[in-house]
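# Remarks on the overall topology
The chain contents come next:
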Amino acid sequence: MHTLCARGTMKPEISAAVGFLSRFLRVKGHVNDRQVQTFSQSLQDILAEQYKHHWFPDRPCKGSGYRCIRINHKMDPLVGQAGQRIGLTIQQLYLLLPSELTLWVDPFEVSYRIGEDGSICVLYESQPCPPGMPVTAVTGSPSGNNGPMGNMVDSHISCKEELMVLGRTSPSKTYNMMTVSS
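Residues numbered from 1 in each chain as written. Predicted model: local features only at pLDDT ≥ 70, side-chain atom pairs only at ≥ 80, totals over all residues. Heavy atoms only, no water.

### A closer look at the UniProt feature "domain: Anti-proliferative protein" (unreviewed entry) in the protein
What UniProt calls "domain: Anti-proliferative protein" (unreviewed entry) maps, in this numbering, to residues 51-71 and 97-116. Its end C-alpha atoms 18 Å apart, residues 51-71 is made of 24% helix and 14% strand. Helix and strand shares over residues 97-116 are 0% and 60% respectively, and the end C-alpha atoms of the span are 15 Å apart. (UniProt positions renumbered as here; feature names shortened; annotations may be inferred. Helix = DSSP H or I, 4+ residues; strand = E, 2+ residues; numbered from the N terminus.)

### Re the nonpolar core
Within the largest apolar cluster, 36 residues are counted, with the highest numbers of intra-cluster contacts made by L21, L97 and L103. Only α1 (11-28), α2 (33-51), β1 (69-71), α4 (77-84), α5 (90-96), β2 (101-106), β3 (109-114) and β4 (120-125) provide two or more residues apiece to this core. When residues of this core are assigned to their parent elements, the largest contribution, 8 residues, is made by α1. Those residues within four positions of L21 in sequence are excluded, and the remaining contacts are F39, L43, I69, V79, L97, L101 and L103. (Core = buried A, V, L, I, M, F, W, Y, C linked by side-chain atoms within 4.5 Å. Buried < 20%, exposed > 50% of the residue type's maximum accessible area, 1.4 Å probe, protein only. Contact = heavy atoms within 4.5 Å.)

### A short note on unusual backbone geometry
Here the phi dihedral of M10 falls at roughly 80°; this positive angle occurs in a residue that is not glycine. The residue M10 is located in the segment before α1 in this model. The class of M10 is buried, set by a relative accessible area of 11%. Notably, F108 is not glycine yet its phi reads approximately 75°, a positive angle. Checked against the element boundaries, F108 lands in the loop between β2 and β3.

### Concerning the packing of α1 against α2
Look at α1 against α2: their axes get within 9 Å of each other, and the N-to-C directions meet at 145°. Our pair here, α1 against α2, has a crossing hand that is right-handed. For the pair formed by α1 and α2, the contact residues are I14, S15, V18, L21, S22, L25 and R26 on the first element and D33, V36, F39, S40, L43, Q44, L47, A48 and Y51 on the second. Tallied by class, residues from the contact of α1 with α2 come to 10 nonpolar, 4 polar and 2 charged. (Axes fitted to C-alpha atoms, helices over the stretch in contact; angles between N-to-C directions. Left-handed = near helix turned anticlockwise from the far one by under 90°. Nonpolar A, V, L, I, M, F, W, Y, C, P; charged D, E, K, R; others polar.)

### Some remarks on the pairing of β3
Burial within β3 is extensive, with 5 of its 6 residues counted as buried. Note: β2 against β3, 6 bridges, orientation antiparallel. Of the residues in β3, the one forming a bridge with L101 is I114. Taken together, β2 and the strand that follows it, β3, pair antiparallel across an intervening segment of 2 residues, in which F108 is found at a positive phi of about 75°. Hairpin connection between β3 and β4: a loop of 5 residues separates the two successive antiparallel strands, and G115 in this loop has a positive phi of roughly 90°. (Pairing = 2+ DSSP bridges.)

### Focus on the side chain of E100
With respect to the secondary-structure elements, E100 resides in the loop between α5 and β2. In this structure E100 touches R70, I71, N72, H73, R113, I114, G115 and E116, once residues within four positions along its chain are discounted.

### So, the pattern of salt bridges
Side chains bearing opposite charge may pair, as long as their charged atoms lie close to each other. For the structure shown, the criterion picks out 6 salt bridges. The shortest N-O distance in the salt bridge between R70 and E116 comes to 2.2 Å. Remark: E116 occurs in the loop between β3 and β4 and R70 occurs in strand β1; sequence separation between them is 46 residues. You can call E116 partly exposed: its relative accessible area is 43%. The salt bridge partner of R113 is E116, with a shortest N-O separation of 3.9 Å. Connected through salt bridges with shared partners, the residues R70, E100, R113 and E116 form a single ionic network. (Salt bridge = Lys/Arg side-chain N within 4 Å of Asp/Glu carboxyl O.)

### Some thoughts on α4
Every α-helical turn comprises 3.6 residues, leaving residues that sit three or four positions apart pointing alike. Within the span of α4, buried status applies to L78, V79, G80, A82 and G83. Looking at the buried positions of α4, the neighbouring elements they touch are α1, α2, β1 and α5. Between a side-chain oxygen at the N-terminus of α4 and the backbone nitrogen of L78 the separation is 3.0 Å; the capping residue is D76. (Polar contact = N/O pair within 3.5 Å; in protein donor to acceptor, adjacent residues only side chain to side chain.)

Printed below as a string of structure tokens:
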């Protein structure tokens, strides 16, 4: 695995997210290469515009919910807008994309989950570069297996891990509960 670092420009993160979604159109659909290319460019432009005031490389979890692309019982409006630019209806997009998809586009990490109970997989990860260090980055495999170093960039908790821990409606079975009274 390479030394991963980036400046937080959002371009590699958006590119990873768009590439992931575009592959579904290419593989599952009756969408030609030109349409996929137009969809990809449109979605890149839409996401860049949407995220430009909600991108915080110094605090990657800030704005994570705003940048989350979500398809469940409702099509994500940004994906729907890009699909409509190539003549796809929302119903056609539902047939081409997973019916339950959460895609987090955060500074230095792009992750996804298919299904409500699916595993979270990392598509792209990097870490901030110290000033003066050259910028390099790598895209992880869709399986999330990025070699012997694993998915952790450093020891801080990621936005998705925070969601998994803090977003629980009930404690896991391994918690020991302690009641404090005054």
